[in-house]
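Residue-level structure breakdown
Here's the letter readout for the chains.
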Amino acid sequence: MGNSNEFLKFLINEDIYLIDQKEESSAIVEEVTVVEDSATVEEVAPAVVSEPEEKLVVIEKPTNQILVIFDNPTAKELPAGDLDYLGKILGAIGQSTDEVDFQNVAATTPKAVGYDYVIAFTPNHQLPVAASTQQYVSTKLGDGQLIVADALNNISVSTDLRKKLWGVLQQVFK
């Protein structure tokens, strides 16, 4: 029989799990130097070669389920007027500004992993979705939903944009 352990599945009828123990794996390397003029062989002490440890990256789930992405190149936060208007929008779907996380794409690249809902109030959201993602249409983003809309200050002055936003919010937050 070769080095294959395939035959074990015919002998054991229950599930067996291999638990990887954290040990330093090492290999012993022996160096041998041969001198051409004589028949003597000089042995050098064995060297231990260690494999690098792998580091696991754990992604934690955010505390809030909604992420609001906006683009404000003049400040890190959403302007006060836009924040008040967003509060009204979120109130209509049973949420508040205290229950959402904010990310400014002008200050950093957004990280939307783990959110159930991502609302981007900018077409310049920089998220890894197709460039053809339509505004005011719910799109799949990982395990969550993405809504791309216009800037809040544009929505607040346009009846058509408000109707579009309200329509998609009603579909997503049933």
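Coordinates for the structure precede this section.
Residues numbered from 1 in each chain as written. Predicted model: local features only at pLDDT ≥ 70, side-chain atom pairs only at ≥ 80, totals over all residues. Heavy atoms only, no water.

**Brief notes about the overall build of the protein chain**
Convention followed: Each helix is a run of H or I in the DSSP string that is no shorter than four residues. Each strand is a run of E no shorter than two, and both are numbered from the N terminus. Partly exposed residues are those whose accessible area sits between 20% and 50% of the maximum for their type, while under 20% is buried and over 50% is exposed, using a 1.4 Å probe and protein chains only. Note on areas: Shrake-Rupley, 1.4 Å probe, and residue coverage restricted to the protein chains presented here.
The number of helices and strands found in the protein chain is four helices and nine strands. The order of helices and strands in the protein chain, counted from the N terminus, is α-β-β-β-β-β-α-β-β-β-β-α-α. Residue burial in the protein chain is summarised as follows: out of 174 residues, 28% are buried. On the protein chain, roughly 13,000 Å² of surface is accessible, and the fraction owed to carbon and sulfur atoms is 51%.

**Regarding the nonpolar core**
Heads up, the rule is: In this text, buried Ala, Val, Leu, Ile, Met, Phe, Trp, Tyr and Cys residues form a nonpolar core when linked through side-chain atoms within 4.5 Å.
Leu-86, Phe-121, Leu-152, Ile-155, Leu-165, Leu-169 and Phe-173 are the most contacted members of the largest nonpolar core, which totals 23 residues. Residues Leu-67, Val-105, Val-129 and Val-148 belong to the second largest nonpolar core, which totals 12 residues.

**Focus: helix α2 (residues 80–92)**
For the record, the criterion: Given a helix with a known number of residues, its expected span is that number minus one, times 1.5 Å. Here the arc refers to the set of directions running from the helix axis out to each C-beta atom.
Across its 13 residues, α2 extends 19 Å between first and last C-alpha, which sits within 8% of the 18 Å expected from 1.5 Å per residue. Listing the buried residues of α2 in full gives Asp-82, Tyr-85, Leu-86, Ile-89 and Leu-90. Projection of α2 onto a plane perpendicular to its axis shows the buried side chains occupying an angular sector of 140°, all on one side. Exposed residues pointing more than 90 degrees away from the buried face of α2 are listed as Ala-80, Asp-84 and Lys-88.

**Re helix α4 (residues 159–172)**
Note the following rule: Should any heavy atoms of two residues lie within 4.5 Å, those residues are counted as being in contact.
For α4, with 14 residues, the first-to-last C-alpha span of 20 Å sits near the 20 Å given by 1.5 Å per residue. Every buried residue of α4 is listed here: Leu-161, Leu-165, Val-168, Leu-169 and Val-172. Considered in projection along α4, the buried side chains sweep an arc of 105° and stay on one side of the axis. For α4, the exposed residues set more than 90 degrees away from the buried face come down to Asp-160, Lys-163 and Gln-171. Buried residues along α4 sit against α2, β7 (117–120), β8 (138–141), β9 (144–148) and α3 (152–157).

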